[in-house]
Amino acid sequence: MHYSFVSQQDPEVFEALEGEERRQAEGLELIPSENYVSRAVREALGSAFTNKYSEGLPGKRYYGGQEFTDQVEEIARTRACRLFAAAYANVQPLSGAPANLAVYHAVLQPGDTVMGMDLSHGGHLTHGHPLTVAAQLFRFVTYKMKNPETGEIDYEAMRMAARREKPKLIIAGFSAYTRELDYAAFADIAREVGALAMADIAHTAGLIAGGVLANPFSHSFDLITTTTHKTLRGPRGGMILVREENEELITRINRAVFPGLQGGPHMNVIAAKAVAFGEALHSSFGDYCTAVLRNAKAMAAVFAREGVRMLGGGTDNHLLLLDVYGSFGVGGKEAEEVLDAVGITLNKNTIADDPRPPLDPSGVRLGTPAITTRGMGEVECARVAEIIVEALRARDDRAKKKALRDEVRELAAAFPVPEKFV
Ligand code: DSN
């Protein structure tokens, strides 16, 4: 990106833009929720749609001048439905947290019970953290893994808890869980207790669209929420998908998004979602998703060989969660800093029932979506895993860290961030 206008008009902001471009090009991005979008997606994000207000839905807006907003929102909605076999898509949520809140607003009454995965076992803040507004309005109960070494969720304990607590909504989804979910078990429990089943697939949306992980709609889930970035490789944003042509539920969802929670949708982002969904419908996207999983397994094999404790014992998806405190005697905060210094970006993360505090937990979380977009394969990903192990073991050895930093730069230079995916 050249930023020719910003560079002339606003050197201060230009410096930050250039710095971030350089950081992304020269380092290796392993935060599993991050990725690189195509130049086409960036063009749509920077388009004239950013100037436009368009409260309402296609064909039913509150402002004039909507012929092209309607056109682009319909393209995004239709493509989203095709990607996930949905009957209906609302593509207006600003991101994943507002999408989840919109579903709660649409289908729950204050005081209703919701069941979600415990945060330290991999769940997300919006699935019931006490500091969220949702937790002040609704009553959240949690389920956990039976065994953090295998990652198996305790579905029987979940069923017993659901019978006892009578949730109105059961959420399947995570931001730090490495194993495939048994959507059939979730749906069965939800049906038994009369709850709606919602899957928050923010992390795995691309992998589901690409056909390498199961689609919750194939197991009768009622609703899906997701972000549109992460593995789906679109702009930052969210959406809500409905499985069936259920007019009442669809109307509730639409009203919860607008005017319930939001005003005007960000039409430039919706245009960029449409472009990204078009890329995800392309046959090459499935190959990308297959490579994401293969690369994650290649990294897991190195960590297993090196005796690094992985929560869940490995991975079925794009992410890995390492117990760095247990494995290297280093907290997650210091591990994140050491790896940042060698050019590898990942994030500190709590592990199941972590005794350490969230700002310096026992774990780090990493994943393969971004480095796979750069074209790296199993050989490179295995080497990146080795570099992580070497850097954490040699964290007090400046010369070794410098050598690793140089190697990371060379690797990044050999796999430039691509501009086109289709
Ligand atoms: N912040 C996202 C993640 O990193 O997983 C989830 O909201």
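Scroll up for the structure.
In this report, we go over the structure that sits alongside the text. Values in this document were obtained by computation on a predicted structure and should not be read as measured data.

**What to know about the packing of aromatic side chains**
All chains considered together, the criterion is met by 10 aromatic pairs. On the basis of an interplanar angle of 40 degrees and a centroid distance of 5.6 Å, the ring pair of Phe-285 and Tyr-288 is categorised as tilted. Taken together, the residues span about one helical turn, with Phe-285 and Tyr-288 both in helix H12 (residues 284-305) at a distance of three residues. Residue Phe-285 shares its accessibility class with Tyr-288, and that shared class is buried.

**A few points about the sheet that holds strand E16 (residues 363-367)**
Strand order in this open sheet of three strands is E13-E16-E15, and the pairing throughout is antiparallel. At either margin of the open sheet sits one strand with a lone partner, and together these are strand E13 (319-323) and strand E15 (347-349). Averaged over all adjacent pairs, the angle separating strand axes in this sheet is 35 degrees, with direction ignored. The pairing of E15 with E16 spans three bridges and is classified as antiparallel. Opposite Asn-349, over in E16, you have Gly-363 as the bridge partner.

**Focus: the sheet that holds strand E12 (residues 238-242)**
Strand order across the open sheet formed by seven strands is E4-E12-E11-E10-E9-E5-E6, with mixed pairing between neighbours. Across the chains shown, the open sheet's two edge strands, defined by having one partner strand only, are strand E4 (88-90) and strand E6 (139-143). Strand after strand, the sheet turns through a mean of 20 degrees between neighbouring axes, direction not considered. In terms of strand pairing, strand E10 (residues 196-200) meets strand E11 (residues 223-227) through three bridges, oriented parallel. Looking at E11, one finds that Met-198 is bridged to Leu-223.

**Regarding the site of the ligand**
All residues in the neighbourhood of the ligand are listed as Ser-33, His-124, Ser-175, His-203, Lys-230 and Arg-365. A distance of 2.7 Å separates an oxygen atom of the ligand from a polar atom in the side chain of His-124. Protein chains bury 64% of the 230 Å² of accessible surface belonging to the ligand in isolation. Classifying every residue of the shell around the ligand gives no nonpolar, four polar and two charged.

**Describing the environment of Ala-413**
If you trace the backbone, Ala-413 turns up in helix H17 (residues 398-414). Separated by 130 residues in the primary sequence, Ala-413 and Ser-283 have C-alpha atoms spaced 27 Å apart.

**What about the nonpolar core?**
Note that soluble globular proteins tend to have their nonpolar side chains buried in a common cluster. The biggest cluster of nonpolar side chains holds 66 residues, and the ones touching the most others in it are Phe-84, Ile-153, Leu-181, Phe-186, Phe-221, Leu-232 and Leu-241. It is helix H11 (residues 267-281) that contributes the most residues to this core, eight residues altogether. Look past the residues within four positions of Leu-241 in its chain and what remains in contact with it is Ala-80, Phe-84, Ala-86, Tyr-88, Ala-89, Phe-217, Asp-222, Leu-223 and Ile-224.

**Section: the pattern of salt bridges**
One side chain can pair with another of opposite charge once the charged atoms of both are near each other. A complete count under the given rule lists 35 salt bridges for this structure. Residues Glu-419 and Arg-39 are paired through a salt bridge, measuring 2.9 Å at the closest nitrogen-oxygen approach. Of the two residues, Glu-419 sits in the segment after H17 while Arg-39 sits in helix H3 (residues 39-45), which places them 380 residues apart along the sequence. A salt bridge links Glu-386 to Arg-383, with the shortest nitrogen-to-oxygen separation between them at 3.0 Å. Note that Glu-386 and Arg-383 are positioned in helix H16 (residues 378-393) at a spacing of three residues, about one turn of the helix.

Rules and cut-offs
Residues numbered from 1 in each chain as written. Predicted model: local features only at pLDDT ≥ 70, side-chain atom pairs only at ≥ 80, totals over all residues. Heavy atoms only, no water. Phe/Tyr/Trp six-rings, centres within 6.5 Å; stacked < 30°, edge-to-face > 60°. Helix = DSSP H or I, 4+ residues; strand = E, 2+ residues; numbered from the N terminus. Buried < 20%, exposed > 50% of the residue type's maximum accessible area, 1.4 Å probe, protein only. Pairing = 2+ DSSP bridges. Axes fitted to C-alpha atoms, helices over the stretch in contact; angles between N-to-C directions. Near = heavy atom within 4 Å. Polar contact = N/O pair within 3.5 Å; in protein donor to acceptor, adjacent residues only side chain to side chain. Areas by Shrake-Rupley, 256 points an atom, 1.4 Å probe, with all protein chains shown as cover. Nonpolar A, V, L, I, M, F, W, Y, C, P; charged D, E, K, R; others polar. Core = buried A, V, L, I, M, F, W, Y, C linked by side-chain atoms within 4.5 Å. Contact = heavy atoms within 4.5 Å. Salt bridge = Lys/Arg side-chain N within 4 Å of Asp/Glu carboxyl O.

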